[in-house]
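Coordinates in review
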Amino acid sequence: MWRTRQAAAACEVCRSFLSTSCAGRGPLSPPRLHLLSRSIHLLRAPTLRLLRPQLRASSQPFSSLSHLPLRRWKLSPMRPSYQPRRHFWPARLAARLLRLRYLILGSAVGGGYTAKKTFDQWKDMIPDLSDYKWIVPDFVWQLDEYIDLEKLSKALPDSEALAKLLPDFDKLAGSFSLFKDFFSPGSSGETAFRATDASESDRQFKKVTDKEKVEQLQEELLRTQLKYQRILERLEKENKELRKLVLQRDDKGIHHRNLKKSLIDMYSEVLDVLSDYDASYNTQDHLPRVVVVGDQSAGKTSVLEMIAQARIFPRGSGEMMTRSPVKVTLSEGPHHVALFKDSSREFDLTKEEDLAALRREIELRMRKNVKEGYTVSPETISLNVKGPGLQRMVLVDLPGVINTVTAGMAPDTKETIFSISKAYMQNPNAIILCIQDGSVDAERSIVTDLVSQMDPHGKRTIFVLTKVDLAERNVASPSRIQQIIEGKLFPMKALGYFAVVTGKGNSSESIEAIRDYEEEFFQNSKLLKTSMLKAHQVTTRNLSLAVSDCFWKMVRESVEQQADCFKATRFNLETEWKNNYPRLRELDRNELFEKAKNEILDEVISLSQVTPKHWEEILQQMLWERVSTHVIENIYLPAAQTMNSGTFNTTVDIKLKQWTDKQLPTKAVEVAWETLQEEFSRFMTEPKGKEHDDIFDKLKQAVKEESIKRHKWNDFAEDSLRVIQHNALEDRSITDKQQWDAAIYFMEEALRGRLKDTETVLESMVGPDWKKRWVHWMGRTHEQSVHNETKNELEKMLKCNEEHPAYLASDEITTVRKNLESRGVDVDPSLIKDTWHQVYRRHFLKSALTHCNLCRRGFYYYQRHFVDSELECNDVVLFWRIQRMLAITANTLRQQLTNTEVRRLEKNVKEVLEDFAEDGDKKVKLLTGKRVQLAEDLKKVREIQEKLDAFIEALHQEK
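Since we're looking at a predicted model, the values are computed, not measured.

**Things to note about the packing of helix α23 (residues 612–640) against helix α24 (residues 645–662)**
- For the pair α23 and α24, the least separation of the axes is 8 Å and the interaxial angle reads 150 degrees. Judged on the interaxial angle alone, α24 and α23 are roughly antiparallel. As α23 runs across α24, the sense of the crossing is right-handed. Contact residues: V627, H630, V631, N634, I635, Y636, P638, A639 and A640 in α23; F648, T651, V652, K655, L656 and W659 in α24.

Structure follows, in structure tokens:
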């Protein structure tokens, strides 16, 4: 107490003296200065701390010690008690500097505490993502290996460590005056500390209920999430634009360098080759895909379009639109385009007309894949979509699962859709994107049971709840949506659960409008504000990121194992080929087709190398075989049986004119076309010796038939041929003996052939003769016996009258009948006429051959126009006219063949081969056998392995 009172008195003395000095009353006198020095000596640090409140309460501020009026005093030696102390200035400066250190240390400690408290608050605001490590990339979780948050919080420096970090006070001496206002009583720094203390005390005494505090934290968390979401969107948009510029710049040299394929394009090519090799999707294909399954009209297509950022699929309200699987490969590119695997046309997805054309093309391909009598097809449509900012992955859109087969559908549509979906989902590395309509009752879902069967543990399933806006509006209990997203409602498990909104149901909405509507809905939705849904579980953007990460994780885990499987398959196939076909090269179906194509074209070219003589000989021979029956039966025999030279020539001319005008040209063209076909077939089908490969026989036969079907003879050929044939038949002049003898020889050959045919008919009519009956133990039937008796009776009549006309008179038929009845043979008049026709025919042909032999010496009389009734050779002239007409017709047809028809046939063959080359089904049907299939499998497996190796190498380089 004494020290306090003493210090107070000293302080009062100091205040009085300083006030006097500061008021401008002049310098202190030596006695006053001595008293002030004694007072300051009493004001040591402990005393100053006790008196600090009183000093602060002083109404008259004072300046720092550096502003006191200092001057040199000349003290008298007679009064030494008034001499000031030597170390007065260093003491004053040290006191002020110590005060600065305490303030800086206090601020550092307080700032460290505040930073640690703020860090703990932010840490509590961050959601727990430990259950969703499959969504966040791997490198984020690897930060734990390098940054320990607990160690970081404990590593904050204490006051002593901060004291060591203080700057050198000597360097701060020059700028010490800048802090004078801060350290003086009533300064702004002191006021700030007081305000901070007051706010802290007010906050401590503020009473807030737990419910209000929770709501406040939730709103703050939601605002923070939305803020970061907008920042992320802005960064993504900027990144998208930058990526687009970079890709466009890379495309400038596309024609001057080899374009490097992207990683996802390489993977998509592997899947395309696999789909051709493994159409049944069996256990050989275990490469990952994202398989999109869901009930009909659940929103599968809309989700895919949001991921692809374009309205690319045909749509319909309440009807089945996806009729076959559609494989969509998403990759990054400078322009937003789409193209099919088997087409070079690019569809600009930023233009509505191209989008409409793309949707029509997909619909046409689906209808083409669906066979007649079916509703869906397992054939896959492969589509590539490129654009800036797209997530790289491969998705397969499957037909929607149905519960009831409606009118117009095939009866097995439901089972077919189930089998297609199971075929894709049974792949152990396939990622199942299960789409569920949130606007309908959960009990009506069919797809969840199917997914739970194929993936009971949910290790590769991602659940997506669509139409959440309708669900929130219509569902009575919003907690039901929470149960679905938490996986507590459906009997299935999943890696993650997402809630999305894919528009308002208007097919004309753009992707940008749908995205804005989705973000606005979730921003204002109670599902997020009440924490029923978490921010990372909503929007299609988060869904696409999660699916892409899961897809690539599955690819990296399984692709090398699949490559090893195909290496083993390749080794087995190569061993089988070496054992079965050691001397043959491994030609697949396309290579075999090219080889067969070259052989066929060579054989067609061989037609043009056939000699004219060969063409004319075979044409004349075939034409005579076709017209010989008509010439003998309808022209020669009716004219020769008149027994009058003038009547013979008249009859012949009339019948030849009728024949030439109507039948002969058409018959000649038919003969020529058949001759060309026979020669073409002979060249294509005749064995080539050791080089013949029977594996091409079916293909050659099909090409020959299709080419002949397409070929049509020139329409003007008949008209020109008719004139030529008419002129040839009008000529009756035989110029030399050689032509005469040739005509006789031709006539004899024709008559002998007809006589042989007649005797064959007679033999079948009357039965075997006595020699065959005795030697071969053959007998006659009753009818044959009647014919034989009738024949014998008619032959007796001809012997009596060898000049008998061709027809029997009525009395002659009666006579023959009575003679036979007298011998006990009952005959019918019609039987007698039929037997007479053959008997007289044989008799006439034998007589004609005899007359033909006599005409060999008749050329002399013909040449001099002698009239000799015993040696009229008009029939020889007829056959010479026929023979000459055949030769001229054969020559004309040969010219048409070699000049026109062979070339047209060759053109047809090329067209057929080109059509077959583009038709894979034709190749599979026409080129068959174990050898072909083994070579085909070996080629495909090699191609798959090579593409997989290239993909794995690129995948490692990307890592």
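**Brief notes about the pairing of strand β1 (residues 290–294)**
- Counting buried positions along β1 gives 5 out of 5 residues, so the element sits mostly inside the fold.
- In terms of strand pairing, β1 meets strand β6 (residues 393–397) through 3 bridges, oriented parallel. When the sheet's bridge partners are listed, V291 is paired in β6 with V396.

**Focus on the sheet that holds strand β7 (residues 431–437)**
- Pairing is mixed across the open sheet formed by 9 strands, whose spatial order is β4-β3-β5-β2-β6-β1-β7-β8-β9. Strand pairing shows two members of the sheet lacking a second neighbour, β4 (347–348) and β9 (496–499), which therefore form its edges.
- Across 4 bridges, the pairing between strand β3 (residues 337–340) and strand β5 (residues 381–386) is antiparallel. What sits directly across from L339, in β5, is N384.

**Focus: unusual backbone geometry**
- Even without a glycine there, the phi angle at Q309 is positive, about 65 degrees.
- In this structure, Q309 sits in the loop between α13 (300–308) and β2 (326–331).
- For Q309, a relative accessible area of 22% corresponds to the partly exposed category.
- Positive phi, normally seen in glycine, also occurs at T539, with a value near 75 degrees.
- Tracing the backbone through its elements, the reader meets T539 in the loop between α20 (526–529) and α21 (540–580).

**Details of the packing of aromatic side chains**
- Counted by the stated rule, this structure contains 16 aromatic pairs.
- Look at Y267 and F551: their rings are 5.7 Å apart centre to centre, the planes differ by 80 degrees, and that puts the pair in the edge-to-face class. Separated by 284 residues along the polypeptide, Y267 in helix α12 (residues 263–277) and F551 in helix α21 bring together distant segments of the chain.
- Accessibility expressed as a relative area gives 0% for Y267, which makes it buried.
- The class of F551 is buried, set by a relative accessible area of 0%.
- In textbook terms, an aromatic cluster arises when at least three aromatic residues are bridged by ring pairs, as seen for W624, Y636, F746, W836, Y840, F844 and F879.
- Positioned over the ring face of F340 is R365, at 4.0 Å from the centre of the ring.

**Thoughts on the state of the cysteines**
- Per the counting criterion, the structure on display carries 1 disulfide.
- Each sulfur in the disulfide pair C855 and C873 lies 2.2 Å from the other. The sign of the S-S torsion, about -105 degrees, decides the handedness of the disulfide formed by C855 and C873: left-handed. Remark: C873 occurs in the loop between α33 (859–863) and α34 (874–918) and C855 occurs in the loop between α32 (829–854) and α33; sequence separation between them is 18 residues. Grouping residues by exposure puts C855 and C873 together as buried.

**A word on the pairing of β6**
- Taken across its 5 residues, β6 has 5 buried, putting it largely inside the fold.
- Here β6 shows no split at all, with M393, L395 and D397 on one side and V394 and V396 on the other all buried.
- In the sheet, β2 pairs with β6 via 5 bridges, with the strands oriented antiparallel. Within β6, the residue paired with T329 across the bridge is V394.

**Some thoughts on a nonpolar patch on the surface**
- Together, W770, W774 and V775 make up a nonpolar patch on the protein surface, roughly 460 Å² of accessible area in all.
- Among the structural elements, V775 can be located in helix α29 (residues 770–775).
- Here V775 falls in the exposed class, since its relative accessible area comes to 54%.

**Quick look at the confidence of the model for the chain**
- In this model, the chain carries a mean pLDDT of 76, and residues with pLDDT of at least 70 account for 72%.
- Note on residues 161–208: pLDDT under 50 across the span, and 32 contacts to partners over four residues away in sequence or across chains.
- Below pLDDT 50 for its whole length, residues 866–870 participates in 2 contacts with residues either more than four positions away or in separate chains.

**Some remarks on the packing of α23 against α32**
- Where α23 meets α32, the closest approach of the two axes is 12 Å, and the angle between their N-to-C directions is 80 degrees. Compared by their axis directions, α23 and α32 come out roughly perpendicular. Contact residues: α23 offers E633, Y636, L637 and A640, while α32 offers R841, F844 and A848.
- Class assignment for the residues of the contact of α23 with α32 results in 5 nonpolar, no polar and 2 charged.

**Overview of the nonpolar core**
- Ranked by internal contacts, the top residues of the largest apolar core, which has 102 residues, are W624, Y636, W659, L676 and I882.
- Counting residues per element, this core draws most heavily on α34, at 17 residues.
- Sequence-distant contacts of L676, that is, excluding residues within four places in its chain, are made with L607, W615, W713, L897, E901, V902 and L905.
- Within the second largest apolar cluster, 70 residues are counted, among which are V292, V394, L395 and L934.

About the cut-offs
- Residues numbered from 1 in each chain as written.
- Predicted model: local features only at pLDDT ≥ 70, side-chain atom pairs only at ≥ 80, totals over all residues.
- Heavy atoms only, no water.
- Axes fitted to C-alpha atoms, helices over the stretch in contact; angles between N-to-C directions.
- Helix = DSSP H or I, 4+ residues; strand = E, 2+ residues; numbered from the N terminus.
- Parallel < 35°, antiparallel > 145°, perpendicular 65-115°, else oblique.
- Left-handed = near helix turned anticlockwise from the far one by under 90°.
- Contact = heavy atoms within 4.5 Å.
- Buried < 20%, exposed > 50% of the residue type's maximum accessible area, 1.4 Å probe, protein only.
- Pairing = 2+ DSSP bridges.
- Phe/Tyr/Trp six-rings, centres within 6.5 Å; stacked < 30°, edge-to-face > 60°.
- Lys NZ or Arg CZ within 6 Å of the ring centre and 35° of its normal.
- Disulfide = S-S within 2.5 Å.
- Patch = residues over 30% accessible without salt bridge, like charges linked within 9 Å, V, L, I, M, F, W, Y side chains within 5 Å.
- Areas by Shrake-Rupley, 256 points an atom, 1.4 Å probe, with all protein chains shown as cover.
- Salt bridge = Lys/Arg side-chain N within 4 Å of Asp/Glu carboxyl O.
- pLDDT = per-residue confidence, 0-100.
- Nonpolar A, V, L, I, M, F, W, Y, C, P; charged D, E, K, R; others polar.
- Core = buried A, V, L, I, M, F, W, Y, C linked by side-chain atoms within 4.5 Å.

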